[in-house]
Amino acid sequence: MDERYNPAEIEPKWQKRWADSGAFSVSEDKSAEKFYLLEMFPYPSGRIHMGHVRNYSIGDVLARHMRMRGKRVLHPIGWDAFGMPAENAAIERGRHPAEWTYDNIAQMREQLKKLGLSYDWSREIATCDPSYYRHEQAVFIAMLERGLAYRKHALANWCDHCATVLANEQVEDGKCWRCGNVVVQKAMAQWFLRVTQYAEELLAGLDTLAGRWPDEVREMQRNWIGKSFGAEVRFPLEAIDIPGKQPSALSGEREIAVFTTRPDTLYGVTFMSIAAEHPLALELAQGTEREAEVRAFAEKIQLEHKVKKGADAGDKRGVFTGRYCIHPLTGSKVPIWIANFVLMDYGTGAVMAVPAHDERDFEFAKAYGLPVQVVIQPAGRALAGAQLTAAYTDPGVMTNSGVFDGVPSEEGKRKVTEKLVAENKGRATTSFRLRDWLVSRQRYWGCPIPVVHCETDGIVPVPTQDLPVALPLDVTITGVGGSPLAKVDSFVNVTCPKCGRPARRETDTFDTFVESSWYYDRFTTPRHEGAPVEPNEAREWLPVDFYIGGKEHAVMHLLYARFWQRAMIDLGFLPKDTPREPFSRLLTQGMVCKEFYSRTAEDNPAHKLYFYPEETELRDDGVRVLKADGNEVFVGNVVKMSKTKRNIVDPDEIIGEYGGDTARVFMLFAAPPEGQVDWTTAGVEGAHRFLQRVWRLVRDRLPQIASVAAYKSVGELSLAAAEVRRATHRTIQRVTFDLGERYQPNTAIAALMELMNAISAFKGETADDHAVVREGIETLLVLLSPFAPHVADELFEHMGGKGTLLHHAWPKLDESALHEATVEVPVQINGKVRARITVAKDASEEVVLAAAKANERIAAELSGKTLKKAIYVAGKIVTLVIG
RNA sequence: GCCGGGAUGGCGGAAUGGCAUACGCAGGCGACUUAAAAUCGCUCGCCUUAAUCGGCAUGCGGGUUCGAGUCCCGCUCCCGGCACCA
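Given the structure is predicted, the values throughout are model-derived calculations rather than measurements.

Trainee: Explain the overall build of chain A here, please?
Mentor: When helices and strands are counted, chain A shows 25 helices and 37 strands. Of all 883 residues assigned to chain A, the portion counted as buried reaches 53%. Long-range pairs, those at least 24 residues apart, make up 72% of the contacts in chain A with a sequence separation of at least 6. Accessible area of chain A: about 39200 Å², with a carbon and sulfur share of 51%. One finds the centroid of the 108 positive side-chain charges in chain A at a distance of 2 Å from the centroid of its 118 negative side-chain charges.

Trainee: Is there a simple way to explain the sheet that holds strand 27 (residues 586-589) in this structure?
Mentor: One key point about sheets: their strands pair by backbone hydrogen bonds, in either a parallel or an antiparallel sense. The four strands lie next to each other as 2-1-26-27, forming an open sheet whose pairing is parallel. Either end of the sheet is taken by a strand with one partner, and the two such strands are strand 2 (72-74) and strand 27. The average angle at which neighbouring strand axes cross in this sheet is 20°, direction not considered. In the sheet, strand 26 (residues 546-550) pairs with strand 27 via four bridges, with the strands oriented parallel. Bridging from a neighbouring strand, Tyr 547 pairs with Leu 586 of strand 27. Against the sheet, helix 2 (residues 50-68) touches strand 1 (34-39), strand 2, strand 26 and strand 27, its axis set at about 170° to strand 1.

Trainee: What should I look at first to understand the layout of surface pockets in this one?
Mentor: Over the atoms, a rolling probe the size of a water molecule traces out where space has been left empty. Roughly 380 Å³ of internal volume is contained in the second largest pocket. Lining the second largest pocket are 15 residues, with Leu 717, Ala 722, Arg 726, Ser 816 and His 819 positioned closest to its centre. Among the elements of the structure, helix 19 (719-740) and helix 23 (815-818) are those that each provide at least two residues to the lining of the second largest pocket. Among the elements that line the lining of the second largest pocket, the one with the most residues is helix 19, at five residues. For the lining of the second largest pocket, the residue count by class is six nonpolar, four polar and five charged.

Trainee: What's the story with the protein's contact with RNA strand B in this structure? I'm lost.
Mentor: Taken together, 49 residues form the shell around RNA strand B, and within it Ser 228, Phe 259, Val 351, Arg 360 and Arg 836 come nearest. Within 4 Å of the protein, the contacting atoms of RNA strand B are 63% sugar and phosphate, with bases supplying the remainder. Measuring from a sugar or linking oxygen of RNA strand B, one finds a side-chain N or O atom of Thr 260 at 3.2 Å. At 3.2 Å, a side-chain N or O of Asn 757 approaches a phosphate oxygen of RNA strand B. A breakdown of the residues in the surface near RNA strand B according to their chemical character gives 21 nonpolar, eleven polar and 17 charged.

Trainee: Please clarify how the packing of aromatic side chains should be interpreted in this entry.
Mentor: Scanning all chains against the criterion turns up 31 aromatic pairs. Between the aromatic rings of Tyr 547 and Phe 583, the centroid separation amounts to 4.1 Å while the plane-to-plane angle is 15°, which identifies the pairing as stacked. One end of the pair, Tyr 547, is in strand 26; the other, Phe 583, is in the loop between helix 15 (556-570) and strand 27, and 36 residues separate them in sequence. Each member of the pair Tyr 547 and Phe 583 is classed as buried. The ring of Phe 192 has Lys 152 lying over it, and the distance from NZ or CZ to the ring centre is 4.9 Å. Directly above the aromatic system of Tyr 324 lies the positively charged group of Lys 333, at a separation of 4.4 Å from the ring centroid.

Trainee: Can you help me understand helix 3 (residues 84-93) in this one?
Mentor: Side chains three or four residues apart in an α-helix point the same way, a direct result of the helix having 3.6 residues per turn. Inspection of helix 3 places Met 84, Ala 86, Glu 87, Asn 88, Ala 89 and Ala 90 among the buried residues, and these make up the whole buried set. Where the residues of helix 3 are buried, they touch helix 4 (97-114). Gly 94 sits one or two residues past helix 3 and shows a positive phi near 70°.

Trainee: What should I look at first to understand the sheet that holds strand 36 (residues 867-873) in this one?
Mentor: Taken together, the four strands give an open sheet; going across it, the order is 35-34-37-36, and neighbouring strands pair in mixed fashion. Pairing within the sheet leaves two strands with one partner each, and these edge strands are strand 35 (832-840) and strand 36. Across this sheet, the average inter-strand angle for adjacent strands is 20°, counted without regard to direction. Set on the sheet, helix 24 (residues 845-854) makes contact with strand 34 (822-829), strand 35, strand 36 and strand 37 (877-882); between it and strand 36 the angle comes to about 120°.

Trainee: Just checking my understanding: could you explain the nonpolar core for this structure?
Mentor: If you look at soluble globular proteins, the nonpolar side chains tend to sit buried side by side. Core analysis: the largest hydrophobic core is formed by 178 residues, its most contacted members being Met 143, Tyr 519, Trp 564, Phe 690 and Phe 787. When residues of this core are assigned to their parent elements, the largest contribution, ten residues, is made by helix 18 (residues 681-705). Contact partners of Tyr 519, with chain neighbours within four places excluded, come to Leu 38, Glu 39, Met 40, Phe 41, Ile 125, Tyr 132, Tyr 547 and His 557. Ranked by size, the runner-up nonpolar core spans 55 residues in total, among them Ile 256, Ala 276, Ala 281 and Leu 329.

Basis of the calculations
- Residues numbered from 1 in each chain as written.
- Chains lettered and ligands numbered in written order.
- Predicted model: local features only at pLDDT ≥ 70, side-chain atom pairs only at ≥ 80, totals over all residues.
- Heavy atoms only, no water.
- Helix = DSSP H or I, 4+ residues; strand = E, 2+ residues; numbered from the N terminus.
- Buried < 20%, exposed > 50% of the residue type's maximum accessible area, 1.4 Å probe, protein only.
- Contact = heavy atoms within 4.5 Å.
- Areas by Shrake-Rupley, 256 points an atom, 1.4 Å probe, with all protein chains shown as cover.
- Lys, Arg positive; Asp, Glu negative; His and termini not counted.
- Charge placed at Lys NZ, Arg CZ, Asp CG, Glu CD.
- Pairing = 2+ DSSP bridges.
- Axes fitted to C-alpha atoms, helices over the stretch in contact; angles between N-to-C directions.
- 1 Å grid on protein atoms, 1.4 Å probe; cavity = no way out; pocket = protein on both sides within 12 Å on 5 of 7 lines; lining within 4 Å.
- Points joined across faces, edges and corners; volume = space filled by probe spheres on them.
- Nonpolar A, V, L, I, M, F, W, Y, C, P; charged D, E, K, R; others polar.
- Near = heavy atom within 4 Å.
- Polar contact = N/O pair within 3.5 Å; in protein donor to acceptor, adjacent residues only side chain to side chain.
- Phe/Tyr/Trp six-rings, centres within 6.5 Å; stacked < 30°, edge-to-face > 60°.
- Lys NZ or Arg CZ within 6 Å of the ring centre and 35° of its normal.
- Core = buried A, V, L, I, M, F, W, Y, C linked by side-chain atoms within 4.5 Å.

So, in structure tokens, the structure goes:
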């Protein structure tokens, strides 16, 4: 065998062998337990980056491990191939999005193959392929028919100059990223999916994932869904006479409903706040002398809401409508205000204001001199409305609340609600923060929404047999002048499927989160034609047993997928008994980070320029400068590698210099999967050195062990040889536990390094010694193969092995090898280690304690003191407490 | 502001309530070499010491325990998410 470890030679050799022999395809042995392992599929941006290397290395180690443990493993890969970057490339470089995307896929596929990832490439899918998205269109039509999909007006970022809709990330500082024009909010008819219908179930489902999904992710989803318990309370409008109007038109039967989580504070209501968009906002002031003022204010606030969506919580502004409603329990008059901070799309768009016990209401009351009425008293203090400097929002005892005085606030919530129900003035209810999912995008490179707009029949779904609605490829993409699809006459002009008259096709496309909401289903039967999945295969494989991806998808992708899966089941696209949670176990891996280099642009102080590491160099005095001009660059924090910050390391450089195995081992060893990895070249060299040492170990020992068989538990071993055997089996135990139970490749690699060190240090002489070394090295290679598959297969072959270790059984633990006759036990006195004694492993507590006391050092410490307590933790430690 | 997560040598990190600092990186010393690289061996928390002995150390302050990096209470700082959600 070669003197030197040469990954450039052995890696392509094994990649070819694996491909030729179909080593990665799914096993046909149906008796084996299934294991569906999936990593979040990549967007084909052009090149893979270190984050991908990390994500896919973690997945591959687990996939290979599971296979070797005898599981029937499904480990597929594909491409999240629709999306905006393809359109940007078209605009900037004049390349067609399809061509750009498929080129990128080809490049990235080669890069992934260089890492030796064990994907079943025969199942590869790209979501931009009509054979994929046609099924998504079918599901959408079913949703539309069941009312799960609907259309309504919503605001979108709009650039007048480019005549196009912009995504949030294309809006920089409120301006269009391309032309710098001010972005406005334009109301357009948009498509929504009724995620809120599943809000309750999506929330409850999170509990079933306890211990299997990270708590952090479950908590984020919980907050996103945002369920609040409370009451809906109805405040009737006060009757007034407006000349020319029916007295009852704005009173009596009319009312304002509010949602509150604090019905216990109902008696503290001093005014009512409604959203500027509230249907009653303008109507209330109509015909009064305040009408003009109110209208102007409401319009101004509505405009503000449109321009700065989700802007900072700040100033509280409002206007009195001049009208009142009636407090449902006290009957007193409550002034109705329009307030800028009330959201129309949460609750009822109206809020009962209790300034004494709500921070926002307090600020508003202070700004407009409205009364503050304390109705909850904390224990041991007496609050007075006029003296309050901040709202009191904690629990307390109800006061100034009629029959409820003295009732604790928590109990009061229930009691007040009961009274409202009894008097038919309100009801107990819940409210969700979760909004329906806006899925339409006014973009070209996406899945067409399969409906037709007909003047006679309105919205008509495309008949299933006419699917797919294929995205036309003969378009020119300019980035201005609206949706490119709208300009393709052959696409737009259709006949109505219902009445046969001329109609227009929908030109919006889906949000790309739609494709990623069900790709894991499709992987079970990627070539099935009649439906999204073939039910028997779906039943066989679903759910995904182990899902690995970045934390950045904690809410959106993972929530949408959980929704879509339930919809697929309920609509009959998946068998009824399909588990409703699509991902049984989730591992969120940390980011790969590196410092970045930047400067402020000379022509625009708001614009930052970023430089690739190779454009800079470190001067002798430690200052980093730009090679081009020799001047200093700003050295930024260690942040996530990204194209925009240009702080990327191309995996091909690492693979080219050190090989794919090294890239994998470095990424896996650097940190536990959840942690962040800061890139250092030093770490890469360390990983490479480890593989080189393994290579040399095999090379050096091969002459001695080539013709012996691995040790088989016969014969007396020397102490040193028994030690090596113990190390071997201890390593089997550790690596199996680290991969199978803890999913921690980093500590497993540390264990392998220790085993290698132990074998290297052992110079065997007898036949038994060689047999033990052989067993150790074979075990090392088998255990190493999930991490560094090429070099492990190559070395195993030199040892006389056949085929790939991926099909080799995982090593079996020999408990007897772990056995030790004696153990060294530390002896503590009052918590400090004062001596170490060697005792028989199974010695009784009495014997060990006697031995400890007999120890010279311990005896000296004990003399003249009273022994208060003596504890022996078997095999671990002796603790003596003296006074 | 609210909700999560974290803090261990020069660095990345390890440690079912039981010997803190495994494994690796960087550093120091040595061997091999004409020399260097590579490789191999030794060393490597801090203070004290000639060396031992000893003392101090897991962000800070308390507590539970024979025993706490780990469990509990109160802080500080860092990271992430949400952000007028009634």
